[in-house]
Amino acid sequence: IAPLPGCDKKLAWTKVRAKLEQVKLVDPPAAAPKQYDLLCDGSEKSSCSKITLEATLRELLRAAAHTPNSRLRVWSLGANVAATKVMGEVITPTITSRSRRAREAQLEQWQLSSRENLLRIMEPLFRATPARRSPLAESLTKIALAEGHGLARIIVAITDAREVATANF
């Protein structure tokens, strides 16, 4: 026999909270944080450039902004797997402002400063001579095996998807 909604405090509170969210008196619960890993393939003739990196960072930071404690790491693809490394990382802050407008401004500022910092960190990759090798599959495996902090993972690669190691695949 199922309990009546008035007898089950948890079920009753769930229904009350849903109604309060519906009329916007309380915020919905925050989504679970995620781990975003962005690989920039700066090898010869590949598609990762300042422009594509900036556009991708803009979208990933926007996605991460609404889930406090989400993490975004930017990786550079090296000429070998050992040279593939994390260049920078940002963590979505917990928003302290009470008003919607102030929260949005705080998140916008975080996204802007994070994007600028990560682009600045990646600048040496674009100034260096592009690598002629791109161990893409091995590097993606390295990223997948990296510490995920117990979070759901999203791996994004800006690449031409050409694997150039001992042969051109």
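Residues numbered from 1 in each chain as written. Predicted model: local features only at pLDDT ≥ 70, side-chain atom pairs only at ≥ 80, totals over all residues. Heavy atoms only, no water.

Undergrad: Explain the sheet that holds strand 4 (residues 152-158) residue by residue, including any values.
TA: Strand order in the open sheet made by the 4 strands is 3-2-1-4, with mixed pairing throughout. The outermost strands of the open sheet, each flanked by one partner alone, are strand 3 (85-91) and strand 4. When the angles between neighbouring strand axes are averaged without regard to direction, this sheet yields 20°. Examined bridge by bridge, strand 1 (residues 34-40) and strand 2 (residues 71-76) share 6 bridges and lie parallel to one another. Its bridge partner lying in strand 2, Leu38 is registered against Val74. Docked against the sheet, helix 2 (residues 50-65) engages strand 1, strand 2, strand 3 and strand 4, running at close to 180° with respect to strand 1. In the packing of helix 4 (residues 136-145) onto the sheet, the strands contacted are strand 1, strand 2 and strand 4, and the crossing angle to strand 4 comes to about 155°. (Pairing = 2+ DSSP bridges. Helix = DSSP H or I, 4+ residues; strand = E, 2+ residues; numbered from the N terminus. Axes fitted to C-alpha atoms, helices over the stretch in contact; angles between N-to-C directions. Contact = heavy atoms within 4.5 Å.)

Undergrad: So what's going on with the nonpolar core? Which residues, and what values?
TA: Ranked by internal contacts, the top residues of the largest apolar core, which has 20 residues, are Leu38, Leu53, Leu57 and Leu72. When residues of this core are traced back to their parent elements, those giving at least two are strand 1, helix 2, strand 2 and helix 3 (100-127). For Leu57, the contacting residues outside a window of four places in its chain are Leu38, Leu72, Val74, Arg115, Leu118 and Leu119. (Core = buried A, V, L, I, M, F, W, Y, C linked by side-chain atoms within 4.5 Å. Buried < 20%, exposed > 50% of the residue type's maximum accessible area, 1.4 Å probe, protein only.)

Undergrad: Lay out helix 2 with the relevant residues and their values.
TA: Taking 1.5 Å per residue, 16 residues should reach 22 Å; helix 2 reaches 22 Å between its end C-alpha atoms and fits that length. Along helix 2, the residues classified as buried are Leu53, Thr56, Leu57, Leu60, Leu61, Ala64 and Ala65. Burial along helix 2 is one-sided: seen end-on, the buried residues are contained in an arc of 160°. Residues of helix 2 that are buried in the fold lie against strand 1, strand 2, strand 3, helix 3 and strand 4. (Expected span 1.5 Å × (residues − 1). Arc of directions from axis to C-beta.)

Undergrad: So what about the state of the cysteines? Which residues, and what values?
TA: Per the counting criterion, the structure on display carries 1 disulfide. Between Cys40 and Cys48 runs a disulfide, and the two sulfur atoms are separated by 1.9 Å. The S-S bond linking Cys40 to Cys48 shows a torsion near -105°; that makes this disulfide left-handed. For the residue pair Cys40 and Cys48, the accessibility class agrees, reading buried in each case. (Disulfide = S-S within 2.5 Å.)

Undergrad: Give me the lowdown on the environment of Ser70, citing residues and values where you can.
TA: In this fold, Ser70 is placed in the loop between helix 2 and strand 2. For the pair Ser70 and Val90, spaced 20 residues apart in sequence, the C-alpha to C-alpha distance is 8.4 Å. Beyond its immediate sequence surroundings of up to four residues, Ser70 is in contact with Pro33, Lys34, Tyr36, Ala64, Val90, Ile91 and Thr92. Within the structure, the side chain of Ser70 is placed 3.0 Å from the backbone nitrogen of Lys34, a separation counted as a polar contact. (Polar contact = N/O pair within 3.5 Å; in protein donor to acceptor, adjacent residues only side chain to side chain.)

Geometry only, nothing functional implied.
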